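Chain by chain, the residues:
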Amino acid sequence: MDAPTPTPVANPDALKGDGVGCHSGRDAMLEAAASAGKAEVLDQYAADYPKGPHDQPQSMCPAFGSLRVGLRMRRTQTILSGSACCVYGLTFTSHFYGARRSVGYVPFNSETLVTGKLFEDIRESVHAQADPTKLDAIVVINLCVPTASGVPLQLLPKSINGVRVIGIDVPGFGVPTHAEAKDVLAGAMLRYARNEVQSGPVAAPRTGRSERPTVTLLGEIFPADPVGIGMMLEPMGLAAGPIVPTREWRELYAALDCVAVAALHPFYTASVREFAAAGRPVVGSAPVGHDGTEAWLQSIGTAAGVPQVRIDAAKNRILPAIRAALAATPIKGRITMSGYEGSELLVGRLLVESGADLRYVGSACPRTPWNDADRQWLEARGVHVQFRASLEQDIAAMREFRPDLAIGTTPVVQAGKEASIPSLYFTNLISARPLMGPAGAGSLATVVNSAIANKARFDTMKDFFGETGQGDNSGIWSETPRARPEFRDFTRRQVIKLIKRRKAEEMI
Ligand code: SF4
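Residues numbered from 1 in each chain as written. Predicted model: local features only at pLDDT ≥ 70, side-chain atom pairs only at ≥ 80, totals over all residues.

## Concerning the overall build of the chain
(1) Moving on: A count of helical and extended segments in the chain gives 21 helices and 14 strands.
(2) Moving on: Computed over its C-alpha atoms, the radius of gyration of the chain comes to 25 Å, within 12% of the 23 Å expected for a compact globule of 508 residues.
(3) Moving on: With the C-alpha coordinates of the chain rotated into their principal frame, the extents come out at 70 × 70 × 40 Å.
(4) Moving on: Sequence separation of at least 24 residues holds for 72% of the intrachain contacts in the chain that already meet a minimum separation of 6. (Helix = DSSP H or I, 4+ residues; strand = E, 2+ residues; numbered from the N terminus. Rg over C-alpha atoms; globule rule 2.2 N^0.38 Å. Contact = placed C-beta atoms within 7 Å.)

## Focus on the sheet that holds strand β2 (residues 104-105)
(1) Moving on: Pairing in this open sheet of five strands is mixed, and the strands run β2-β1-β3-β5-β4 from one edge to the other. With one partner strand each, in any of the chains shown, β2 and β4 (159-160) form the two edges of the open sheet.
(2) Moving on: Where β4 lies against strand β5 (residues 163-169), two bridges are found, and the strand directions are antiparallel. By the bridge assignment, Ile 160 is partnered in β5 with Val 163.
(3) Moving on: Each of β3 (137-142) and β5 touches helix α7 (residues 178-199); the most contacted strand, β5, lies at about 140° to it. (Pairing = 2+ DSSP bridges. Axes fitted to C-alpha atoms, helices over the stretch in contact; angles between N-to-C directions.)

## So, the sheet that holds strand β10 (residues 334-339)
(1) Moving on: Taken in spatial order, the five strands line up as β12-β11-β10-β13-β14 in an open sheet, and their pairing is parallel. Whereas interior strands pair on both sides, the edge strands pair on one side only; in this sheet they are β12 (384-387) and β14 (423-425). Mean inter-strand twist for the sheet, computed between neighbouring axes without regard to direction, equals 10°.
(2) Moving on: Note: strand β13 (residues 405-408) against β14, three bridges, orientation parallel. Paired with Ile 407 across the strands is Leu 424, a residue of β14.

## Here's the deal with the domain arrangement of the chain
(1) Moving on: Parsing the chain into structural domains produces domain 1 (12-176), domain 2 (214-324) and domain 3 (329-463).
(2) Moving on: Computed from C-alpha atoms alone, the centre-to-centre distance between domain 2 and domain 3 is 25 Å.
(3) Moving on: Going through the elements one at a time, α8 (225-233), α11 (289-303) and α12 (308-328) are the ones with two or more residues in the side of domain 2 that touches domain 3.
(4) Moving on: Among the elements that take part in the side of domain 2 that touches domain 3, α11 stands out by supplying six residues, more than any other.
(5) Moving on: Residue classes in the side of domain 2 that touches domain 3 are distributed as 14 nonpolar, nine polar and two charged. (Domains from an automatic or database assignment. Nonpolar A, V, L, I, M, F, W, Y, C, P; charged D, E, K, R; others polar.)

## A short note on the pairing of β13
Side-chain positions along a regular strand alternate between the two faces of the sheet.
(1) Moving on: Burial along β13 is two-sided: the residues Leu 405 and Ile 407 and Ala 406 and Gly 408 are all buried.
(2) Moving on: As judged from the three bridges shared by β10 and β13, these two strands associate in the parallel manner. Following the sheet pairing, Ile 335 is matched in β13 by Leu 405.
(3) Moving on: Since β13 and β14 lie parallel, the crossover through helix α16 (residues 410-418) that links them has a hand, and here it is right-handed. (Buried ≥ 20, exposed ≤ 12 C-beta atoms within 10 Å, placed from the backbone. Right-handed = clockwise from strand over helix to strand, strands pointing away.)

## So, helix α10 (residues 269-277)
(1) Moving on: When α10 is considered as a whole, its buried residues turn out to be Thr 269, Ala 270, Ser 271, Val 272, Glu 274 and Phe 275.
(2) Moving on: Where α10 is buried, its residues touch α1 (26-48), α7, β6 (214-218), β7 (239-244), β8 (260-263) and β9 (282-283).
(3) Moving on: In the segment just after α10, Gly 279 is the residue with positive phi, at about 80°.

## Things to note about helix α20 (residues 455-465)
(1) Moving on: Across the 11 residues of α20, zero count as buried, placing the element largely on the outside.
(2) Moving on: After α20 finishes, the residue Gly 466 shows a positive phi value of roughly 55°.

## Remarks on the nonpolar core
Generally speaking, nonpolar side chains in soluble globular proteins are found buried as a group.
(1) Moving on: In this structure, Val 215 and Ala 262 are the most contacted members of the largest nonpolar core, which totals 140 residues.
(2) Moving on: In terms of residues, this core owes the most to one element, α7, which gives eight residues.
(3) Moving on: Each residue touching Ala 262, except ones within four places of it in the same chain, is listed here: Val 215, Thr 216, Leu 217, Leu 218, Val 283 and Ile 300. (Core = buried A, V, L, I, M, F, W, Y, C linked by C-beta atoms within 7 Å.)

## Details of unusual backbone geometry
(1) Moving on: That bond from Val 244 to Pro 245 is cis: its omega, 5°, falls within 30 degrees of zero.
(2) Moving on: If you trace the backbone, Pro 245 turns up in the loop between β7 and α9 (250-256).
(3) Moving on: Located in the positive-phi region is Ser 285, a residue other than glycine, with phi close to 60°.
(4) Moving on: Mapped onto the fold, Ser 285 is located in the loop between β9 and α11.
(5) Moving on: Judged by the 25 C-beta atoms lying within 10 Å of it, Ser 285 falls in the buried class.

## A word on the packing of helix α15 (residues 391-401) against α16
(1) Moving on: Where α15 contacts α16, the two axes come as close as 10 Å, and the packing angle between them is 30°. On the basis of the axis angle, α15 is roughly parallel to α16. In this structure, α15 meets α16 at a crossing whose hand is right-handed. Taken together, the residues of α16 that come into contact with α15 (itself represented by Leu 391, Asp 394, Ile 395 and Met 398) are Pro 411, Val 412, Ala 415 and Gly 416.
(2) Moving on: Of the residues in the contact of α15 with α16, the class split is six nonpolar, one polar and one charged. (Parallel < 35°, antiparallel > 145°, perpendicular 65-115°, else oblique. Left-handed = near helix turned anticlockwise from the far one by under 90°.)

## Comments concerning the pairing of β8
(1) Moving on: Residue alternation in β8 divides its side chains into two sets, Ala 260 and Ala 262 and Val 261 and Ala 263, and both sets are buried.
(2) Moving on: Pairing geometry for β6 and β8, over four bridges, is parallel. Paired with Thr 216 across the two strands is Val 261, which belongs to β8.
(3) Moving on: Across two bridges, β8 lies against β9 in parallel orientation. Following the sheet pairing, Ala 262 is matched in β9 by Val 283.
(4) Moving on: The β-α-β motif built from β8, the intervening α10 and the parallel element β9 has right-handed crossover chirality.

## Describing the packing of α11 against helix α13 (residues 344-353)
(1) Moving on: The N-to-C vectors of α11 and α13 enclose an angle of 125°; their axes lie 7 Å apart at closest approach. When the interaxial angle is binned, α11 and α13 end up oblique. For the pair formed by α11 and α13, the contact residues are Gly 289, His 290, Asp 291 and Gly 292 on the first element and Arg 349, Leu 350 and Glu 353 on the second.
(2) Moving on: Within the contact of α11 with α13, the residues separate by chemical class into one nonpolar, three polar and three charged.

## Re the environment of Ala 148
(1) Moving on: Here Ala 148 shows up in helix α6 (residues 144-149).
(2) Moving on: Remark: the alpha-carbon pair of Ala 148 and Gly 342, spanning 194 residues in sequence, is separated by 27 Å.

The following block contains the structure:
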């Protein structure tokens, strides 16, 4: 039999010069990808994940979101197609965050990319991996260079030996944040599962079907939160359903088989599209604090067709406990907060209801219909809400409001500590806590109050160290560092020369 003809790469120009990567600029990458036949998928991303006012928040490589979703699923193999440096970084980060399985990788070089051999290599590796005794699904993720070059993952077989194959493009120049990249894969899986449901019977959940109608929970929440949500739903005759992104393929069917969807995290646009196509109502916000829980129970009950008397029963059971927990664990102090997880507005509501003087909430995620109630609630209480917030905006807010505590991303925390402001990482210390219902109501106070109480230690350290170790002088030195302005001038002249030369070349 003749060897199959390699599928030629659609856009070899993507490899010219330095190649394309984070460093080559978003416009160059978008142009390359569009001319490589990816215009449709990029247009969909632009509609699903609107940019602006700031083009792209500064956060980790977006593909990490999709990779993490794939790695957390049982019987799922996730394979990356991209530059080795990107794959190294993504693999490192996924194991740092406790991935329990290996990351697959199909390496390439200019030749295999340009000749189309890379696509053949991907197809071969997918066939080699497709063992139905071990896997339900294989996910292949095109990173920036293969997307910009038009590597056609859509031509992969949809299924091999019963193992589903899902190919997605997750370029940093098309998907703004790692949060939204979770939605790219979750949405693709829901679409696949929905088509399976339409074509015939599918597997039941491993633990059996719930006796009560379920509410699917959209968003990666703290493990105890679904239990608390289940208790809040119980008086309405409902139960907490699967969490999307799911941990197993068959949970996708159960997720679709719900009475309503709770978009607890507000950025799952593609997933919501699949639920809407399945005829499921979607409710935004989340049961956080007293007001948030009351509004959420009402919306969920209404969406699920629960009689008002049962919705009121649920409120009467839960709301006094939340009010008591908030009163027992007050937070005192001025706070600014920013993050890229998508749950920032929910945490903001909890802080305000706990008594904090919250001035600013920055989120790398966009404004959507599912966080609009939270935005309105916060703004009505004088909190500035910034969607698609840039690092500069987050730091400017911290400098303007001089908070007792800055909650933020790593560089915000660094800037806060430099300014002697107690600071906490949003991702590791705040978003990784229960937030929902009575358990969430008291969960932030201890960590927030003890951080605020540390202010005196920062002042003592500042007094002791003074200006030592700042800016160019930071680090450990065997001699006192000496300023070298002549070196700086020389480098600056070189850079200006280089920019001029590049500009002149562009005009030729
Ligand atoms: S895949 Fe991620 S790390 Fe690699 S070039 Fe794209 S955005 Fe950058």
